[in-house]
Amino acid sequence: MSAFQHAAFFEAAPPFFAIRPEQPGDVAAREALLDAAMGPGRTRKSSEALRRGRLPAQGLSLAALAADGTLAGTVRLWAIAAGMRGGAPVPALLLGPLAVDPASHGSGIGGALMRHATAEAARLGHGAILLVGDPEYYGRFGFSTEATGALAMPGPFEQRRLLALELQDGGLAGAAGLVTATGRLKDDVPAREAAA
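Residues numbered from 1 in each chain as written. Predicted model: local features only at pLDDT ≥ 70, side-chain atom pairs only at ≥ 80, totals over all residues. Heavy atoms only, no water.

- You'll find the protein entered in an unreviewed UniProt entry as GNAT family N-acetyltransferase, with Aurantimonas aggregata given as the organism.

Okay, structure coming up:
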């Protein structure tokens, strides 16, 4: 049984929060939270080019709910190819955006979302996760530049911020080239599922 079939509950100091799979009804609140946490420039990031017009990887969209039921945090993972290896795409995931309501910063929600997202990706059999972010924050979850030196994001990015976590030994061994989107296109699925 998956840890995500039921909400996981956490007692932080102080707020109580629960993490569960994202629901279609979370979409508007998620967009508002992302705007509040990341500002209007969030859609111009290089990682956004890999998400645009696509659905997150199945089972890898999480929501953190405050005690009053409001959305306090969100994270999604997306199917990508982490460059090529031996002429074939290297399947991986792209994590992001990770965001926490500014009113809940320091409550442990971001860390809990990261741990849940990486654990669920591993449980589902994925080999590696990439993200673009601060090494000082994501290093505590095992992310580093160790396997990303030969990879590039579409558009401008800082190489020191392209981080990876191998969920399987050698998941990114020999991977080189441009990171590209491989996830399902929104237009290829029923409207109800695309809204999730």
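### What about the pattern of salt bridges?
Right, so step 1: Summed over all chains, the structure comprises 9 salt bridges.
Right, so step 2: A salt bridge links Glu22 to Arg30; its shortest N-O distance comes to 2.9 Å. Judged on exposure class, the residue Glu22 and its partner Arg30 are both buried.
Right, so step 3: The closest approach of N and O atoms between Glu22 and Arg76, which form a salt bridge, is 2.5 Å. Taken together, the residues Glu22 in the loop between strand E2 (16-21) and helix H1 (27-38) and Arg76 in strand E4 (residues 71-85) connect sequence positions 54 residues apart.
Right, so step 4: Arg76 gets classed as buried once you look at its relative accessible area, which sits at 8%. (Salt bridge = Lys/Arg side-chain N within 4 Å of Asp/Glu carboxyl O. Buried < 20%, exposed > 50% of the residue type's maximum accessible area, 1.4 Å probe, protein only. Helix = DSSP H or I, 4+ residues; strand = E, 2+ residues; numbered from the N terminus.)

### Points about H1
Working note: α-helix, 3.6 residues per turn, so residues spaced by three or four point in the same direction.
Right, so step 1: In this model, H1 (12 residues) spans 16 Å end to end at C-alpha, consistent with the 16 Å of a helix rising 1.5 Å per residue.
Right, so step 2: Within H1, burial applies to Arg30, Leu33 and Leu34. The arc enclosing the buried residues of H1, seen along the axis, measures out at 100°, which places them on a common side. In H1, those exposed residues whose orientation departs by more than 90 degrees from the buried face are Ala28 and Ala36. (Expected span 1.5 Å × (residues − 1). Arc of directions from axis to C-beta.)

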